[in-house]
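# Structural features, examined
Read off the chains here:
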Amino acid sequence: MLSGKNILLGITGGIAAYKTTFLVRLLIKAGAQVKVVMTQSAGSFVSPLTLSTLSKNPVLMDFINQEDGSLSWNNHVELGLWADVMIIAPATANTLSKMAHGTCDNLLMATYLSAKCPVYFAPAMDLDMYKHPSTKASFDNLQSFGNIMIPAESGELASGLHGEGRMAEPEAIIQFLIKDLTKDLPLNGKQVLITAGPTHEAIDPVRFLGNRSSGTMGFELAKQAANLGAQVILVSGPTNLSVLENSNIDLVNVTSAQEMYDACHEHYDQVDVAICAAAVADYRPKNIATEKIKKKDGDLNIELERNPDILFSLGEKKKNQFLVGFALETENELENAKGKLKRKNLDAIILNSLKDEGAGFGGSTNKITFIDKNLEIKTFGLKTKPEVASDIWEEIITRIHA
Ligand code: C5P
């Protein structure tokens, strides 16, 4: 969820500032870009050099930089607009009060006032300061502006006292952010199973039967589902594609149709939506040679047997899942696709016609017709696979939320 996001971390002068080194590390590990703005007093609690090394960006403390005898201006407006999310942690009583009243006397405050993104603040102070009506008024004011409070925890405080006011731990801040940023997404709380890529059916230890599927469509569907808030199980045959670390996608690598079948059935009961986008081999060699098959004079016959139809088997077992299949057709397209929709007990089928140039697998584009179980049909133009994935999700989301 945080991957690729621009996160602006504002650090103010409390002892909890030392914990921001861990927070920056976790944000970077989650794939975010991080820039740090800190107040002068924060610099007494945590070293700007440490934060600049961890965030891989210069740490900004003042409007003006003085380096090698030359002066440069830190543009608070640009910084504020750069951010997808701003976190002020630790947020001291002083900074919270300035935020609540628009006091603009340092770079952090000017950046806060320029930011148009969601702003989160994690208060940190002693228990009596935390409870003071003035601090409470700051919290209320800031929340009325739409800023989001990451409540302090209870525990031992730097003063030696025990009570509420400890800044939330970095892991808790990350969990809070992810939960909050995903709460309004249309697939939030949904589990999605997607199959992708080809299958390889072994002939002998070095040879297999396969097909030209690249896996692009399935991976794109998975990526977009994750961005829409879903937890995704992506069961993929051999491809050159990968998923980002720490994304909401759990990649399960398989080779054969039987392995794909087993992996799908292992997870199917717990999912809300399943999309079979894999190009599964319909047949596999009946016997896999244990040694490499030697060349001989004359022809070689390999006996094939049917692979299980994964989609069909999921249709048979379906309870509340919204089940979607693909149909790649060359003739009688619409009729064949409607037949599959019914026979496999699907909620929708996505038809590609090989007669359409740029459709089908292997390429970077596709042209689809979406057909639901009520035989409502929607035909789309030739589009890139990311655009097609987005159309497919839009159709599915309107139906699962109806
Ligand atoms: O019947 P046909 O193979 O044309 O159906 C295609 C759809 O069925 C695709 O969604 C594909 O992923 C799925 N399929 C499957 N298992 C198979 C063959 C196809 O899940 N063995």
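Everything below is about the structure shown above.
Summary of the structure given here. (Residues numbered from 1 in each chain as written. Predicted model: local features only at pLDDT ≥ 70, side-chain atom pairs only at ≥ 80, totals over all residues. Heavy atoms only, no water.)

### Overview of the environment of Leu113
Locating Leu113 in the fold gives a position in helix α5 (residues 107–114). As for Leu113 and Glu333, which are separated by 220 residues in sequence, their C-alpha atoms are 57 Å apart. Setting aside its immediate chain neighbours within four residues, Leu113 contacts Gly102 and Cys104. (Helix = DSSP H or I, 4+ residues; strand = E, 2+ residues; numbered from the N terminus. Contact = heavy atoms within 4.5 Å.)

### Thoughts on the site of the ligand
Surrounding the ligand, one finds Cys276, Ala278, Val280, Asp282, Pro308, Asp309, Ile310, Leu311, Gly325, Phe326, Lys340 and Lys344. Between the ligand and Ala278 there is a distance of 2.7 Å, counted from an oxygen atom to a backbone nitrogen or oxygen. Within the contact set of the ligand, an oxygen atom lies 2.9 Å away from a backbone nitrogen or oxygen of Leu311. Relative to its unbound accessible surface of 450 Å², the ligand loses 87% to contact with the protein. Among the cavities detected, the one that contains the ligand is the largest pocket. Those elements that provide at least two residues to the shell around the ligand are α11 (310–317) and β18 (322–329). Looking at the shell around the ligand residue by residue, the class counts come to seven nonpolar, one polar and four charged. (Near = heavy atom within 4 Å. Polar contact = N/O pair within 3.5 Å; in protein donor to acceptor, adjacent residues only side chain to side chain. Areas by Shrake-Rupley, 256 points an atom, 1.4 Å probe, with all protein chains shown as cover. 1 Å grid on protein atoms, 1.4 Å probe; cavity = no way out; pocket = protein on both sides within 12 Å on 5 of 7 lines; lining within 4 Å. Sits in = over half its atoms within 2 Å of the grid points. Nonpolar A, V, L, I, M, F, W, Y, C, P; charged D, E, K, R; others polar.)

### Looking at helix α9 (residues 216–227)
An ideal rise of 1.5 Å per residue puts 16 Å on twelve residues; α9 measures up with 16 Å between its terminal C-alpha atoms. With nine of its twelve residues buried, α9 lies for the most part within the structure. Every buried residue belonging to α9 is among Met217, Gly218, Phe219, Glu220, Leu221, Ala222, Gln224, Ala225 and Ala226, and all of these are buried. A positive phi of about 105 degrees marks Gly229, the residue just after α9. (Expected span 1.5 Å × (residues − 1). Buried < 20%, exposed > 50% of the residue type's maximum accessible area, 1.4 Å probe, protein only.)

Just distances and angles here, no functional claims.
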